[in-house]
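# Structural overview for review
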Amino acid sequence: MKGRVIAGLIAAAFVLEVLGGLQPTLGRLVDPLLLVAVLAALTGRTGAAFAVALVTGFLADGWSSRWIGEQALTHLLIAYPLALLARRVDLLAPVPALLMLTAASPAAWTIGLGIAALLDVPTGSGAGIAPWIATALVNGLLGFAAYEVLRRRGAFTAGP
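Now for a description of the structure that goes with this document. (Residues numbered from 1 in each chain as written. Predicted model: local features only at pLDDT ≥ 70, side-chain atom pairs only at ≥ 80, totals over all residues. Heavy atoms only, no water.)

## Points about the packing of aromatic side chains
Scanning all chains against the criterion turns up 5 aromatic pairs. Ring geometry for Y147 and F156: centres 5.5 Å apart, planes at 35°, overall tilted. Across this residue pair, the class does not change: Y147 and F156 are buried. Three or more aromatic residues joined by ring pairs make a cluster, and in this case those are F144, Y147 and F156. (Phe/Tyr/Trp six-rings, centres within 6.5 Å; stacked < 30°, edge-to-face > 60°. Buried < 20%, exposed > 50% of the residue type's maximum accessible area, 1.4 Å probe, protein only.)

If you want it as C-alpha coordinates, here you go:
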(Lines give C-alpha, C1' and ligand atoms only; values in the text may rest on other atoms or scores of the structure.)
Protein backbone atom coordinates (compact mmCIF):
# COMPACT_ATOMS: atom_id res chain seq x y z
CA MET A 1 0.00 0.00 0.00
CA LYS A 2 1.14 3.52 -0.64
CA GLY A 3 2.03 5.79 2.23
CA ARG A 4 -0.90 8.14 1.68
CA VAL A 5 -3.34 5.20 1.73
CA ILE A 6 -1.84 3.98 5.00
CA ALA A 7 -1.92 7.49 6.46
CA GLY A 8 -5.57 7.84 5.45
CA LEU A 9 -6.42 4.48 6.98
CA ILE A 10 -4.65 5.38 10.23
CA ALA A 11 -6.47 8.73 10.41
CA ALA A 12 -9.86 7.12 9.72
CA ALA A 13 -9.15 4.36 12.24
CA PHE A 14 -8.22 6.87 14.92
CA VAL A 15 -11.45 8.79 14.31
CA LEU A 16 -13.37 5.50 14.65
CA GLU A 17 -11.43 4.74 17.83
CA VAL A 18 -12.39 8.12 19.31
CA LEU A 19 -16.03 7.72 18.25
CA GLY A 20 -16.06 4.21 19.72
CA GLY A 21 -14.87 5.67 23.02
CA LEU A 22 -18.01 7.79 23.17
CA GLN A 23 -20.07 4.59 23.46
CA PRO A 24 -18.05 2.42 25.86
CA THR A 25 -20.10 -0.75 25.42
CA LEU A 26 -20.08 -0.80 21.63
CA GLY A 27 -16.67 0.85 21.41
CA ARG A 28 -14.98 -2.14 22.99
CA LEU A 29 -16.18 -4.35 20.14
CA VAL A 30 -14.20 -2.44 17.51
CA ASP A 31 -10.42 -2.11 17.28
CA PRO A 32 -9.87 -0.18 14.03
CA LEU A 33 -6.23 0.66 14.70
CA LEU A 34 -5.38 -3.03 15.05
CA LEU A 35 -7.23 -3.71 11.80
CA VAL A 36 -5.05 -1.16 9.98
CA ALA A 37 -1.93 -2.90 11.30
CA VAL A 38 -3.24 -6.25 10.06
CA LEU A 39 -4.22 -4.82 6.67
CA ALA A 40 -0.70 -3.42 6.27
CA ALA A 41 0.82 -6.77 7.19
CA LEU A 42 -1.19 -8.75 4.62
CA THR A 43 1.09 -7.57 1.81
CA GLY A 44 4.17 -9.21 3.34
CA ARG A 45 6.15 -6.00 3.61
CA THR A 46 7.77 -6.41 7.00
CA GLY A 47 9.14 -2.86 7.22
CA ALA A 48 5.75 -1.33 6.51
CA ALA A 49 4.04 -3.76 8.89
CA PHE A 50 6.52 -2.88 11.63
CA ALA A 51 6.11 0.87 11.12
CA VAL A 52 2.32 0.77 10.89
CA ALA A 53 2.10 -1.49 13.95
CA LEU A 54 4.18 0.99 15.96
CA VAL A 55 2.14 4.01 14.85
CA THR A 56 -1.25 2.36 15.39
CA GLY A 57 -0.09 0.80 18.66
CA PHE A 58 1.16 4.07 20.10
CA LEU A 59 -2.01 5.87 18.98
CA ALA A 60 -4.05 3.19 20.78
CA ASP A 61 -1.77 3.52 23.81
CA GLY A 62 -2.21 7.26 23.92
CA TRP A 63 -5.95 7.01 23.61
CA SER A 64 -6.96 4.20 25.94
CA SER A 65 -4.15 2.09 27.32
CA ARG A 66 -3.11 1.41 30.88
CA TRP A 67 0.53 2.14 30.10
CA ILE A 68 2.45 3.38 27.07
CA GLY A 69 3.78 0.55 24.95
CA GLU A 70 1.15 -2.05 25.80
CA GLN A 71 -0.81 -1.75 22.55
CA ALA A 72 2.30 -1.01 20.50
CA LEU A 73 3.82 -4.30 21.62
CA THR A 74 0.55 -6.11 20.95
CA HIS A 75 0.26 -4.67 17.44
CA LEU A 76 3.89 -5.58 16.74
CA LEU A 77 3.44 -9.15 17.99
CA ILE A 78 0.51 -9.56 15.62
CA ALA A 79 1.50 -7.58 12.51
CA TYR A 80 5.17 -8.47 12.13
CA PRO A 81 4.80 -12.27 12.28
CA LEU A 82 1.77 -11.92 10.02
CA ALA A 83 3.89 -10.03 7.47
CA LEU A 84 6.52 -12.77 7.68
CA LEU A 85 3.81 -15.37 7.04
CA ALA A 86 2.46 -13.31 4.14
CA ARG A 87 5.88 -13.65 2.45
CA ARG A 88 5.30 -17.41 2.24
CA VAL A 89 1.51 -17.65 1.96
CA ASP A 90 -0.84 -15.49 -0.11
CA LEU A 91 -2.78 -13.67 2.60
CA LEU A 92 -4.22 -11.19 0.11
CA ALA A 93 -6.74 -13.77 -1.08
CA PRO A 94 -10.19 -13.12 0.43
CA VAL A 95 -10.49 -16.18 2.70
CA PRO A 96 -7.04 -15.90 4.36
CA ALA A 97 -7.52 -12.13 4.74
CA LEU A 98 -10.88 -12.65 6.45
CA LEU A 99 -9.39 -15.28 8.77
CA MET A 100 -6.47 -13.05 9.75
CA LEU A 101 -8.70 -10.02 10.33
CA THR A 102 -11.09 -12.10 12.44
CA ALA A 103 -8.31 -13.70 14.50
CA ALA A 104 -6.52 -10.42 15.24
CA SER A 105 -8.78 -9.25 18.09
CA PRO A 106 -8.75 -12.50 20.10
CA ALA A 107 -4.99 -12.62 19.54
CA ALA A 108 -4.67 -9.06 20.87
CA TRP A 109 -6.75 -9.92 23.93
CA THR A 110 -4.65 -13.01 24.57
CA ILE A 111 -1.41 -11.04 24.25
CA GLY A 112 -2.82 -8.37 26.58
CA LEU A 113 -3.67 -11.01 29.17
CA GLY A 114 -0.19 -12.49 28.80
CA ILE A 115 1.45 -9.09 29.30
CA ALA A 116 -0.73 -8.47 32.36
CA ALA A 117 0.19 -11.87 33.80
CA LEU A 118 3.88 -11.30 33.08
CA LEU A 119 3.82 -7.93 34.83
CA ASP A 120 1.52 -9.21 37.60
CA VAL A 121 -1.18 -6.65 36.82
CA PRO A 122 -4.75 -7.50 37.82
CA THR A 123 -7.06 -7.88 34.80
CA GLY A 124 -10.40 -7.88 36.59
CA SER A 125 -13.06 -10.50 36.27
CA GLY A 126 -13.40 -12.24 32.94
CA ALA A 127 -16.51 -11.49 30.91
CA GLY A 128 -16.66 -14.94 29.35
CA ILE A 129 -16.32 -16.13 25.78
CA ALA A 130 -19.24 -14.16 24.27
CA PRO A 131 -17.40 -10.79 24.11
CA TRP A 132 -14.40 -12.49 22.48
CA ILE A 133 -16.62 -14.00 19.79
CA ALA A 134 -18.56 -10.77 19.25
CA THR A 135 -15.36 -8.73 18.98
CA ALA A 136 -13.81 -11.21 16.56
CA LEU A 137 -16.91 -11.15 14.35
CA VAL A 138 -17.34 -7.35 14.40
CA ASN A 139 -13.67 -6.69 13.70
CA GLY A 140 -13.50 -9.43 11.10
CA LEU A 141 -16.45 -7.99 9.19
CA LEU A 142 -15.30 -4.37 9.53
CA GLY A 143 -11.76 -5.28 8.50
CA PHE A 144 -12.98 -7.38 5.58
CA ALA A 145 -15.16 -4.50 4.36
CA ALA A 146 -12.09 -2.23 4.40
CA TYR A 147 -10.05 -4.98 2.71
CA GLU A 148 -12.63 -5.29 -0.08
CA VAL A 149 -12.70 -1.54 -0.71
CA LEU A 150 -8.90 -1.42 -0.81
CA ARG A 151 -8.65 -4.53 -3.00
CA ARG A 152 -11.16 -3.18 -5.54
CA ARG A 153 -9.28 0.11 -5.73
CA GLY A 154 -5.99 -1.72 -6.32
CA ALA A 155 -4.36 -0.59 -3.09
CA PHE A 156 -2.77 -3.97 -2.31
CA THR A 157 0.43 -5.11 -3.92
CA ALA A 158 2.19 -8.18 -2.58
CA GLY A 159 5.91 -8.56 -2.12
CA PRO A 160 8.81 -7.62 0.14
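## Description of the pattern of salt bridges
The full count for this structure, using the stated rule, is 2 salt bridges. Here R151 ties to E148 by a salt bridge, and the two come within 2.8 Å at their closest N and O atoms. Of this pair, R151 and E148 both sit in helix α7 (residues 129-152), 3 residues apart, roughly one helical turn. As a salt-bridge pair, R152 and E148 come within 3.3 Å of each other at their nearest N and O atoms. With R152 and E148 both in helix α7, this residue pair falls 4 residues apart, about one helical turn. One salt-bridge network, held together by shared partners, links E148, R151 and R152. (Salt bridge = Lys/Arg side-chain N within 4 Å of Asp/Glu carboxyl O. Helix = DSSP H or I, 4+ residues; strand = E, 2+ residues; numbered from the N terminus.)

## Considerations on the environment of L29
Mapped onto the fold, L29 is located in the loop between α2 (24-27) and α3 (32-41). Each C-alpha atom of the pair L29 and L77 lies 20 Å from the other, and the pair is 48 residues apart in sequence.

## Quick look at α3
With 10 of 10 residues buried, α3 lies mostly within the body of the structure. Among the residues of α3, P32, L33, L34, L35, V36, A37, V38, L39, A40 and A41 are the ones counted as buried. Check the buried side of α3 and you find it contacts α1 (3-22), α4 (46-64), α5 (70-86), α6 (94-118) and α7. (Contact = heavy atoms within 4.5 Å.)

## Some points on α7
For α7, built from 24 residues, the straight-helix expectation of 34 Å at 1.5 Å per residue is met to within 8% by its first-to-last C-alpha distance of 34 Å. Taken together, the buried positions of α7 are occupied by T135, A136, N139, G140, G143, Y147, E148 and L150. Lining the buried residues of α7 we find α1, α3 and α6. A positive backbone phi angle near 75° is found at G154, which sits one or two residues after α7. (Expected span 1.5 Å × (residues − 1).)

## Some remarks on the nonpolar core
Counting residues in hydrophobic clusters, the biggest one holds 37 residues, and the most contacted among them are M1, V38, L39, L42, Y147, L150 and F156. Going through the elements one at a time, α1, α3, α4, α5, α6 and α7 are the ones with two or more residues in this core. Considering every element that reaches this core, the biggest residue donor is α3, with 9 residues. (Core = buried A, V, L, I, M, F, W, Y, C linked by side-chain atoms within 4.5 Å.)

## Some words on the packing of α6 against α7
Where α6 meets α7, the closest approach of the two axes is 8 Å, and the angle between their N-to-C directions is 140°. Taken together, α6 and α7 sit at an angle that is classed as oblique. Judged by the sense of rotation from one axis to the other, the crossing of α6 with α7 is right-handed. Contact residues: α6 offers P94, A97, L98, L101, T102, S105, P106, W109, T110 and L113, while α7 offers P131, W132, T135, A136, N139, G140, G143, F144 and Y147. Here the contact of α6 with α7 is built from residues that sort into 12 nonpolar, 7 polar and no charged. (Axes fitted to C-alpha atoms, helices over the stretch in contact; angles between N-to-C directions. Parallel < 35°, antiparallel > 145°, perpendicular 65-115°, else oblique. Left-handed = near helix turned anticlockwise from the far one by under 90°. Nonpolar A, V, L, I, M, F, W, Y, C, P; charged D, E, K, R; others polar.)

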